[in-house]
Amino acid sequence: MTQRVRVRFAPSPTGEPHVGNVRSALFNWLYARHTGGVFILRIEDTDQQREVEGATEAIIESLRWLGLEWDEGPGVGGPYGPYIQSQRLHHYQQAAERLVQQGSAYRCYCSTERLQSMREEQQRRHQPPGYDRRCRDLTPEAEREHQRQGVVPVVRFKTPLEGETVCHDFVRGEVRFENRLLDDFVLLKSDGFPTYHLANVVDDHHMEISHVMRADEWLSSTPRHLLLYRTLGYEPPIFVHLPIILGPDRSKLSKRHGATSALAYRDTGYLPDAMANYLALLGWALDDSTEIFARDELVRHFSLERIGQSPAVFNGEKLLWMNGVYLRQLPLEALADQLAPFIAPTIGQESLTPEGRAYLLRVLPLVQERIKTLAEGPELVSYFFVDGLSYETSDLLPKGVTREATANALMVALERLRRAATFDAIALEGVLRPLAEELGVKTGQLFGALRVATTGRTAAPPLFQTMEVLGRERCLARVERAIALLG
RNA sequence: GCCCCCAUCGUCUAGCGGCCCAGGACGCCACCCUUUCAAGGUGGAGACCAGGGGUUCGAAUCCCCUUGGGGGCACCA
């Protein structure tokens, strides 16, 4: 097997991809990059009913956001295109026709209503659901009669009645399925579109996919695919079924579990590298201790052998922590870039001017180790930019200190700040720390009052550094206003 | 109902027969640092390795059964 690795992510455009889908994409991408192979994006839009407008764009956006660029697929083309299944219908129709000719498939004229009632009947009698094969051995006459009546048939696969199909999965090992338990599944729908099974097999073959890496929920349809490969005379790929991702309630992750769309995480301020790092650890692990992987390390270390087999619960808390880790690692300039779109609405145009940018770069060291998502940006930086702080007057009062004493302390502090030779953190500390003693209050009490006065918050970055960044003018005005509030 | 998969702290996981009366991480608790909040540091609680049988001198690791969980059984992917 010296063949080049060719893997694919093949989503159907039925909505925004959620983290589970994106995890599959990531694993495929990682494997391609690790092996120097090819990563392909293929859109499986074979269900016209379920197709959601804008979904393909959402898929593309999600992959781009995560940095999972594809080597072949929509937008970039490639030698095996087109990469959108609705544009490849003739391939599937041809394959289906070939199977019918060769006696491995047949046209089925059963109505949806009949199939429906058949299924209900089977359920009632506790029989295994599945097509009853009524049309499997139709006489040419009967078939002509259906056609005369204008019934548009589907094409079904003639599943072997006996024997078993053995699937070799890279992570599960050998999995056996009895053929008699499989029914004659549809290959081509009456609208001329293929089902997933047909399209998937035909395309994976034509596109020379070497490894089919997909979520575990596909394991049970793998025997069908294998059967198709065999009857079509195709060489099957290596199957790699990834452990499924569960919600907190341990059921398959879905919209029901809250924010699961990849783009929702982008919009709430998660970094793509953090997301990729976290997702990589869902179903894969390098060793007993490495947790944080830069992108290139992920690529370097990723291997199929270390993919796990048990389902993993998506844990937002750990993602949040990891996002904080990445945020803290970011160079200031990069953090500013990432934060810009999030804080622009609250701090306005100022963020766009060179002065505003320079100011922001002075603010950021103070918030960097406190920020866990970019969406927290506005909350954390607003008071550096926006005047007219709103806070409870009571917040100004330290425990055990009266209103008068606080007002007085602030007035004295105001004077000292006004006269301070320089307005940097060291000078400010030199001025304010002795002041506490002089006034007979604890440093924490004085600093607390000043913190609320200057930031409007009881919790904020270190006071002196904050005041330095805010600047004398702003600080004086804010302390004055606090005194007014107390008076 | 039938088929398939899975099973180590609440969660993600390491462990592929002796190094494990089970290691790391998130979360939680305490302490330290400290002007608050974080970050960081230290420590702690937390898994009788789902249960029961085997195999073996020896099992979290191999086999079987049970139980539990999940997935799949469409002219959806």
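It should be emphasised that the depicted structure is a prediction, and the values quoted were computed from it without experimental measurement.

This part is about the sheet that holds strand β7 (residues 186–188). With respect to topology, three strands assemble into an open sheet ordered β3-β4-β7, the strand pairing being antiparallel. Two strands lie at the open edges of the sheet, namely β3 (105–108) and β7, each paired on one side alone. Each strand axis lies, on average, 45° off the axis of its neighbour in the sheet, ignoring direction. Here strand β4 (residues 154–157) runs beside β7; their pairing, made up of two bridges, is antiparallel. Each residue of the ladder has a partner; that of V155, found in β7, is L188.

With that settled, the discussion passes to the protein's contact with RNA strand B. Surveying the vicinity of RNA strand B reveals 65 residues, the closest of which are K189, E369, R370, R451 and A460. Those atoms of RNA strand B that come within 4 Å of the protein belong to sugar or phosphate at a rate of 74%. A distance of 3.2 Å separates a sugar or linking oxygen of RNA strand B from a polar atom in the side chain of S220. Of all the secondary structure elements, the ones that give two or more residues to the surface near RNA strand B are α4 (112–124), β4, β6 (173–178), β11 (312–313), α11 (316–329), α17 (443–455) and α18 (463–470). Of all the elements, α11 adds the most residues to the surface near RNA strand B, at four residues.

So, on to the packing of aromatic side chains. By convention here, two paired aromatic rings are described through the distance between centres and the angle between planes. As enumerated under the stated definition, the model contains 13 aromatic pairs in all. Three or more aromatic residues joined by ring pairs make a cluster, and in this case those are F27, W284, F293 and F302. Here R23 stacks its cationic end above the ring of F27, 5.0 Å away from the centre of that ring. Lying across the ring of Y131, R156 places its NZ or CZ 3.7 Å from the centre.

Looking at chain A, pLDDT values average 94 and 99% of them are 70 or higher. With a pTM of 0.95, the predicted complex shows an ipTM of 0.95.

Between helix α9 (residues 272–280) and α11, whose axes approach to 9 Å, the crossing angle comes to 135°. Taken as axis vectors, α9 and α11 run oblique relative to one another. Handedness of the crossing formed by α9 with α11: right-handed. Contacts between α9 and α11 involve D273, A274, M275, N277 and Y278 from the former and K318, L319, M322, N323 and Y326 from the latter.

Our focus in this paragraph is the pattern of salt bridges. Evaluated as defined, the whole model comprises 38 salt bridges. Ionic pairing is found between R88 and D203, a salt bridge with its closest N-O pair at 2.8 Å. Remark: D203 occurs in helix α6 (residues 196–206) and R88 occurs in the loop between α2 (55–66) and α3 (89–101); sequence separation between them is 115 residues. Here D387 and R478 are joined by a salt bridge, their closest N and O atoms 2.8 Å apart. In this pair, D387 sits in the loop between α14 (377–385) and α15 (403–419) while R478 sits in helix α19 (residues 472–486), placing the two residues 91 residues apart along the sequence. For R478, a relative accessible area of 6% corresponds to the buried category. Members of the salt-bridge network, linked through shared partners, are R8, R42, E44, R88, D203 and D204.

Procedures and definitions
- Residues numbered from 1 in each chain as written.
- Chains lettered and ligands numbered in written order.
- Predicted model: local features only at pLDDT ≥ 70, side-chain atom pairs only at ≥ 80, totals over all residues.
- Heavy atoms only, no water.
- Pairing = 2+ DSSP bridges.
- Helix = DSSP H or I, 4+ residues; strand = E, 2+ residues; numbered from the N terminus.
- Axes fitted to C-alpha atoms, helices over the stretch in contact; angles between N-to-C directions.
- Near = heavy atom within 4 Å.
- Polar contact = N/O pair within 3.5 Å; in protein donor to acceptor, adjacent residues only side chain to side chain.
- Phe/Tyr/Trp six-rings, centres within 6.5 Å; stacked < 30°, edge-to-face > 60°.
- Lys NZ or Arg CZ within 6 Å of the ring centre and 35° of its normal.
- pLDDT = per-residue confidence, 0-100.
- Parallel < 35°, antiparallel > 145°, perpendicular 65-115°, else oblique.
- Left-handed = near helix turned anticlockwise from the far one by under 90°.
- Contact = heavy atoms within 4.5 Å.
- Salt bridge = Lys/Arg side-chain N within 4 Å of Asp/Glu carboxyl O.
- Buried < 20%, exposed > 50% of the residue type's maximum accessible area, 1.4 Å probe, protein only.

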